[in-house]
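# Results of the structural survey
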Amino acid sequence: MRARSQDAEPVIQRCRRDSLYDYVLVNRDVAVSVDTLVSIVKATRSRRDRMENEIRPILESFRNARH
C-alpha cells in the first residue's frame, strides 16, 4: 500500500490492524447480529485445538478397535 502512495498512513495502519481479526460483525440488524455472534461463539468452541481433550479418547477408541 505504501508503494502505491495512494493511501494515507492512518488508512494503512487501520488495514493492518483490521487484518488481525478472524471475524467481523457488522451490526446493521440486531437479530442478524445476534445470530451471527452465536454462530461465531459456537464455531470457536468447536475448534479442534479447543476440543483436543474431548476428542483424544474418541480417536484412541477408533485406533484400539482396529487392532
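Since this is a predicted model, take the numbers as computed values, not measurements. (Residues numbered from 1 in each chain as written. Predicted model: local features only at pLDDT ≥ 70, side-chain atom pairs only at ≥ 80, totals over all residues. Heavy atoms only, no water.)

Helix and strand counts for the protein come out as 3 helices and 0 strands. Along the protein, from the amino end to the carboxyl end, the secondary structure elements read α-α-α. Out of the 67 residues in the protein, the part that is buried amounts to 4%. In the form shown here, the protein has an accessible surface area of approximately 6300 Å², with 53% of it arising from carbon and sulfur atoms. (Helix = DSSP H or I, 4+ residues; strand = E, 2+ residues; numbered from the N terminus. Buried < 20%, exposed > 50% of the residue type's maximum accessible area, 1.4 Å probe, protein only. Areas by Shrake-Rupley, 256 points an atom, 1.4 Å probe, with all protein chains shown as cover.)

Attention shifts here to the pattern of salt bridges. What the rule picks out here adds up to 4 salt bridges. Note that Glu-52 and Arg-48 form a salt bridge whose closest N and O atoms lie 3.8 Å from each other. With Glu-52 and Arg-48 both in helix α3 (residues 48–66) and 4 residues apart, this pair spans about one turn of that helix. The class for Glu-52 is partly exposed, based on a relative accessible area of 24%. Across the salt bridge formed by Glu-60 and Arg-63, the nearest N and O atoms sit 2.7 Å from each other. One end of the pair is Glu-60 and the other is Arg-63, both in helix α3 and 3 residues apart, which spans about a single turn. (Salt bridge = Lys/Arg side-chain N within 4 Å of Asp/Glu carboxyl O.)

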